[in-house]
Structures are given as C-alpha cells and as structure tokens.
Amino acid sequence: MDAALAAAGLDAAALKCALVGYASPRVELPPFTPAEIEAWFRGGEIEGDLGEHLLVWAARVRGCIDVELAEGLAALKRGDRLAALGCHFDDYAREALDLGKRAAENLARLGAGMGERPRLREALRAGRVRLRAAETILTVAVGDAEAAWVERAGVESVRGLEAAARAARVRGDASGDARGAAVGEGEDEAWVELRTQLPPEERRVLDEALSLARELEPGSSRSEQLEALAQEYLAEHPGDPDADDTRPLGPGFRARDDASTGRRSTSSLGPDGWAELPEVPPVPAPELSFHETLSAQELDARLRALAECRAGWERLIGRCGYAVNRSGMHRLAGYGSFREYVEERLGLPARAVEQRVALEARLAASPALEDARRRGVSYEKLRVLARLQEPDIASWIPRALEATCVALRREVDGEREGQLRARGKLVVTLPRGVGVLLAAAIASVRERHGPALSTGTCLAVIAFHFLVTWGDAPGRSRTRSRRIRERDEGWCQVPGCSRHAAHAHHIDFRSHGGSDDPENLVGLCAFHHLRCVHGGYLAVLGRAPGELVWLLDGRLWVGPHRRGADVTGRAAAAAC
C-alpha cells in the first residue's frame, strides 16, 4: 500500500492516520463445530452474546467505511478517471477493491445521491442512519421531503421504510406519509440451472448458434444468447398462450442453490416481537475528502486504503454471521429470517452478507479453501475457487494469487466446461425469466416434433432454427477484425477486462507505418480502444497474441489487481 501511495504522490502516514481507528481487530475466532454453535448461541451463553455483539460491531464499522467508499466510487465515475486507471467500473471494483459488481454499483449510486441530499449525508456519516435504510429512502428523500424521510430512517424498520417509500412512489410524491403499507417481495430475481445431456453433434450446433448470437449482439452473456435463440424460435412457433412464468420449467431445470432467501420466505414477528438485544453505538465515517481536484491515482490510493480496512471487518462479519445463522440465534431474537436480521439489526444490504456467510460455510467444510484464504487469495477469487471440487483447489491456489479475478474465472469455467463436454453434459445458470422463455421454446419443439425428444435435442433444434434464420445476416463475412477477435476468443485483451472485444486495434498505428498483419492486431472492447488507448492513457507494445506489454500512463502495467513496486518488477521481468 505504501508503494501505491508514493506512486500517487501521497503521504502514506497521513492516510493511515486518517484510518487508524478503522483497522479491524486481530481476533482469531476458533473454528466452530455445530455442537459448539448450538451450545454457545442457542444456549444464550456469554460466548454467544459476545459473538453476536462482535458481529454487530463489525457491521457498524463496515457500514461507515462503505459510506466513505460510496462517495469515493461516485467520484471515480466522474470525468475520465476510469480511463486514466485503465478499467471499467465493475472490473476496477472487483480487482482493486474486492467488491462485487452489484455492491459497487449500489454504493456508487448512494454516493452520487448523497451529494444532493445533505441531511441524509450528514446522518449517514454520523451513523444515525444505517446503510440499508439510506438505500431504501434514496429515491424519495428529495427536496422538502428529505428531512422527514431522514428522521424516519433513523427510527423505523427497513421493511416499514420500504412500504412507505413504495407507496410514496406510487402516489408520485415523496411526502413519506404512507405508513403501514404491505411489504412486497424483493427485487432480486431467482436463478435456475439447466442441466442436460448434449452429444457432440448437438453441441456443435448449439455452439455455432451461440457464437452467431454473440456476433449479432456484441458483449452479450451466455444467458442473453440463449434468450435470443428462444425468442427467435417462439416468434415463429409460439407455444401455449395460457402458460405463464408460474408453471414448472421441466425436468432439465432446477432451482439454483443461492445464498439469498428472498422476501417471500420470511415471517417476522415485527419490531414489537424483536428481543431487546444490546445496542451497539454508531460509528462515524472516516474523513478522506474525495474532492473534485483529486487525480485518478490519488482517488485510487484512497479507495484501496479503505478497501484494505474493510476486508478485515468483512471476515469478522462472515465468521460471526455464519455462527449466528447456523445456530438460529436470529430467530430466537424474533427475526423472521437471517436476511431480516441483517437488514434490521446489522443495518447492511442482505445479499452481500448472505453470500459472505455462504462462503464461510464452504470454507468451514474445505481445508483447501481455508488454506487459500490464509495465503492471501481475495474474497472474489475464493468465490471462484469454491466452484471447484475439493481435490482440485490446492493446485489452483498459485494461479489465484497471480491472475486477475476475471482471468481466473475464465480458466476455472473453461476447465469445468471442458470436463462437462467430455462427459457430454451441458450445465448453464440462467435468470428464471430466461429459464421460463427457454422452457417455453423447448415445450414448443416437443409439440411439433414429439414429446419424447430430450432437452438437449430440443436445444439443438432451437439453435438450428436460429442459424437458418440469421446465418446469412448482412455483415457476417469473416472480416479481418472478426478473425482477430476470434483468435483472441472474443475477449478484450487488456488485463482485468471482462468485456467482449468489439474492435481490432493496430498495435503499431497504421499512420505510423503499422501493418495489417495478425501479430500487429489485438482485440479490444470499445472503452479500452477509444477512451483508454486513443485517449492517450493506455498503450500496448509487442506482438500479438502472446507477447504484449501494456503501459498505463507510461508505466508498465499488468492489471488493476496489483499496484506499485510489485507491478513494476513483474512487468519489467515480463518485458525482458
């Protein structure tokens, strides 16, 4: 961290001084066995009370760090700061700050909103309003209504605030007078998993159709490509018009095991039924001053320092949250679900905490994953390694320490995909809405060609229809750009970038005498090509595809997951 601060021209000691009160304690929690959790937490023993108190304390500190992060992330999205750092916003958050895309976007949205809501900002920074409550009232706490909403957010439950805010939006005002309205379901969409046998000849048809869908819609995900295939088939062969998204999806689909329980599965006693748990005092947010004159490098250093503080508290939240959830202590306290306990007692967004607790459960059962964490593998990379079988994890740890998160995920998914292909299987995770559409298309195929067709054969029929319809679409000739992007497997080649390549960039510019030879061309996404390279922030040298050296602001660069001396040393070695 000191090297990164020095590179940005900052005083490391001054920044560390600003954050000294937010360093996580060096608490080594013992590994909890189910019997110990049962005895400590369900029994109401002193250890259980201390564990719950530690969890709430960690949540308070993490919440105040998140408030500061929110303002920093909002500042990061303004101007050309992301281009100066060579990253898309979500890639930077994942690789540099160990934050997932959804968490980072939500924090940035809150940070941008705080600039127009001074009362909410002051209450958040002082700890009088917690993070989850602030997110709930953000869209309605505007203008003259801001003060009333901020006052309510300090005393009312998150569920009560959600109901009132929803009613205010329906009325088209922000008065905040709608008390006692019904609480609806959350906005998190359920996910399903499609599993089926797919012989090699049917796999080839599906692969070609998915590749075509990606060409027609650059940057689309696998689920979006499958959605396009299903839509095209149903457009010509509509299924049962009376079927809706409540019907069973069929034998090939199953609910995906996810940390999120959703609002529909909760049954709370309400605030009057919650136990009188000891209150933990609020913690004010640190002051790092994310003013407009900060350079991208200065802002980067501050955000990384905050993320480093946050990581220690996150581990405490995961360990203690796992113990509380496993023991059922939240239900003994009157909360209808762990999600409700997180939002109301901890004051944090539930999904991220649930995912963290789910990873802790996996870590508790996996010595190899626990070893990876001890060796410094980041949280987002641990989530990738958790997809592997236990015997395979140890061999991946060195790669996890070296690679960007996006590269690690592609490699792990590629190996898993290869194993599934060898066994003639297809496994794909989809939003339930896409699963419904695909199930309808599969049902339509069976109506036309016979009910005995397997799910894999139905997918091949749907894919073949898409190829026949769009195979001769204009612009499908194998241009030089397309050949280069295919060579680069369709991905932008900038380290740490998660986007598909949209352009082929000349490494030596044609205006400088560069040729059109394949080794002088590299696939890039539009942001890195137009904003970063042609904007003068990022440069690439060498020969494609395997001998490229990247320069960010004139310095050797291997991606946002490393900064400072470590980057310079490794990149220099690679260049020699």
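Note that the coordinates shown come from a computational prediction; the quantities given were computed from them, not determined experimentally.

With that settled, consider the overall build of the chain. In terms of helices and strands, the chain carries 26 helices and 8 strands. By residue count, 50% of the 576 residues in the chain fall in the buried class. Pairs at least 24 residues apart make up 71% of the contacts formed inside the chain by residues separated by at least 6 positions. For the chain, the exposed area adds up to about 26600 Å²; of that, 52% sits on carbon and sulfur atoms.

Axis separation between helix α13 (residues 222–236) and helix α23 (residues 455–470) bottoms out at 9 Å; the angle between their running directions is 80°. The angle between α13 and α23 places the two elements in the roughly perpendicular class. Contacts between α13 and α23 involve A228, L229, A230, E232, Y233 and E236 on the former and, on the latter, V461, I462, A463, H465, F466, T469 and W470. Grouping the constituent residues of the contact of α13 with α23 by class yields 9 nonpolar, 2 polar and 2 charged.

Next up on the list: the nonpolar core. Soluble, globular proteins show a tendency: their nonpolar side chains are buried together. Of all hydrophobic cores here, the largest spans 99 residues; its most connected members are I65, L73, L76, L97, W149, L303 and Y341. When residues of this core are assigned to their parent elements, the largest contribution, 14 residues, is made by helix α4 (residues 46–76). Discounting chain neighbours no more than four positions away, the residues touching L76 are R81, L82, L85, F89, Y92, L299 and L303. Core analysis: the second largest hydrophobic core is formed by 32 residues, L212, F253, V428 and I462 among them.

Attention now goes to helix α7 (residues 101–114). The end-to-end C-alpha distance of α7 is 20 Å, a good match for the 20 Å that 14 residues give at a rise of 1.5 Å each. Those residues of α7 that fall on the buried side of the exposure criterion are A104, L107, A108, L110, G111, G113 and M114.

The topology assignment puts D98 in the loop between α6 (89–97) and α7. In sequence terms D98 and Y379 are 281 residues apart; their C-alpha atoms lie 6.5 Å from each other. Here the side chain of D98 touches E380 through a polar contact of 2.9 Å, landing on its backbone nitrogen.

Before going further, it helps to examine the environment of R351. Following the sequence through the fold, R351 ends up in helix α17 (residues 350–364). Take R351: its relative accessible area is 17%, and that puts it in the buried class. A sequence separation of 249 residues divides R351 from R102, and the C-alpha atoms of the two residues are 9.6 Å apart.

Turning to the pattern of salt bridges, a few remarks are in order. Considering all chains together, one arrives at 47 salt bridges under this definition. E292 is paired through a salt bridge with R78; the nearest N and O atoms lie 2.8 Å apart. Remark: R78 occurs in the loop between α4 and α5 (81–85) and E292 occurs in the loop between β2 (253–255) and α14 (296–327); sequence separation between them is 214 residues. Taken together, the shared-partner salt bridges connect R62, D66, R310, E314 and R356 into one network.

Taking strand neighbours across the sheet as the criterion, the 3 strands line up as β6-β7-β8 in an open arrangement whose pairing is antiparallel. Each edge of the sheet is formed by a strand with only one pairing partner; in this case those strands are β6 (538–543) and β8 (555–557). Adjacent strand axes in the sheet meet at a mean angle of 35° when their direction is disregarded.

This brings us to the confidence of the model for the chain. When pLDDT is averaged along the chain, the result is 84, and 81% of the positions lie at 70 or above. Predicted confidence in the chain is weakest over helix α26 (residues 565–575), with a mean pLDDT of 42, and strongest over α6, with 96. Counting contacts from residues 4–9, a segment whose pLDDT is below 50, to residues more than four positions away or on other chains yields 10 contacts. This model gives residues 259–267 a pLDDT under 50, and the stretch forms 23 contacts once residues within four places in sequence are excluded.

On to empty space enclosed by the protein, then. On inspection of all chains with the given rule, the structure shows 1 cavity of 30 Å³ or more. Looking at the largest cavity, its volume works out to about 130 Å³. In terms of lining residues, the largest cavity is bounded by 15 residues, among which R60, G63, C64, V129 and R130 are the most central. Looking at the lining of the largest cavity residue by residue, the class counts come to 10 nonpolar, 3 polar and 2 charged.

In this section: the side chain of K381. Summarising the element assignment, K381 is placed in helix α19 (residues 379–385). Look at K381: it is buried, it has no salt bridge, and the nearest opposite charge is E95 at 5.4 Å. In terms of polar contacts, K381 uses its side chain to reach the backbone carbonyl oxygen of A400, at 2.9 Å. With near-sequence residues (within four places) excluded, K381 lies in contact with A400, L401, A403, T404, C405, L408 and H561.

What follows concerns the packing of aromatic side chains. Think of a pair of aromatic rings as described by two things: how far the centres are apart, and how the planes are tilted against each other in angle. Under the definition given, this model contains 3 aromatic pairs. Measuring from ring centre to ring centre gives 5.1 Å for W57 and W313, while their planes differ by 80°; the resulting arrangement is edge-to-face. Note that W57 is positioned in helix α4 and W313 in helix α14, a separation of 256 residues in sequence. By relative accessible area, W313 is classed as buried at 2%. Through a chain of ring-to-ring contacts, three or more aromatic side chains come together here, namely Y335, F338 and Y341. Directly above the ring of W149 sits R152, whose terminal nitrogen or CZ lies 5.1 Å from the centroid.

The omega torsion of the bond from A544 to P545 falls at 0°, within 30 degrees of zero and hence cis. Checked against the element boundaries, P545 lands in the loop between β6 and β7 (547–552). The phi dihedral of E489 is positive, around 60°, even though this residue is not glycine. Among the secondary structure elements, E489 is positioned in the loop between α24 (480–487) and β4 (503–506). For D553, which is not a glycine, the phi torsion comes out positive at approximately 55°.

Parameters and conventions
- Residues numbered from 1 in each chain as written.
- Predicted model: local features only at pLDDT ≥ 70, side-chain atom pairs only at ≥ 80, totals over all residues.
- Heavy atoms only, no water.
- Helix = DSSP H or I, 4+ residues; strand = E, 2+ residues; numbered from the N terminus.
- Buried < 20%, exposed > 50% of the residue type's maximum accessible area, 1.4 Å probe, protein only.
- Contact = heavy atoms within 4.5 Å.
- Areas by Shrake-Rupley, 256 points an atom, 1.4 Å probe, with all protein chains shown as cover.
- Axes fitted to C-alpha atoms, helices over the stretch in contact; angles between N-to-C directions.
- Parallel < 35°, antiparallel > 145°, perpendicular 65-115°, else oblique.
- Nonpolar A, V, L, I, M, F, W, Y, C, P; charged D, E, K, R; others polar.
- Core = buried A, V, L, I, M, F, W, Y, C linked by side-chain atoms within 4.5 Å.
- Expected span 1.5 Å × (residues − 1).
- Polar contact = N/O pair within 3.5 Å; in protein donor to acceptor, adjacent residues only side chain to side chain.
- Salt bridge = Lys/Arg side-chain N within 4 Å of Asp/Glu carboxyl O.
- Pairing = 2+ DSSP bridges.
- pLDDT = per-residue confidence, 0-100.
- 1 Å grid on protein atoms, 1.4 Å probe; cavity = no way out; pocket = protein on both sides within 12 Å on 5 of 7 lines; lining within 4 Å.
- Points joined across faces, edges and corners; volume = space filled by probe spheres on them.
- Lys, Arg positive; Asp, Glu negative; His and termini not counted.
- Phe/Tyr/Trp six-rings, centres within 6.5 Å; stacked < 30°, edge-to-face > 60°.
- Lys NZ or Arg CZ within 6 Å of the ring centre and 35° of its normal.

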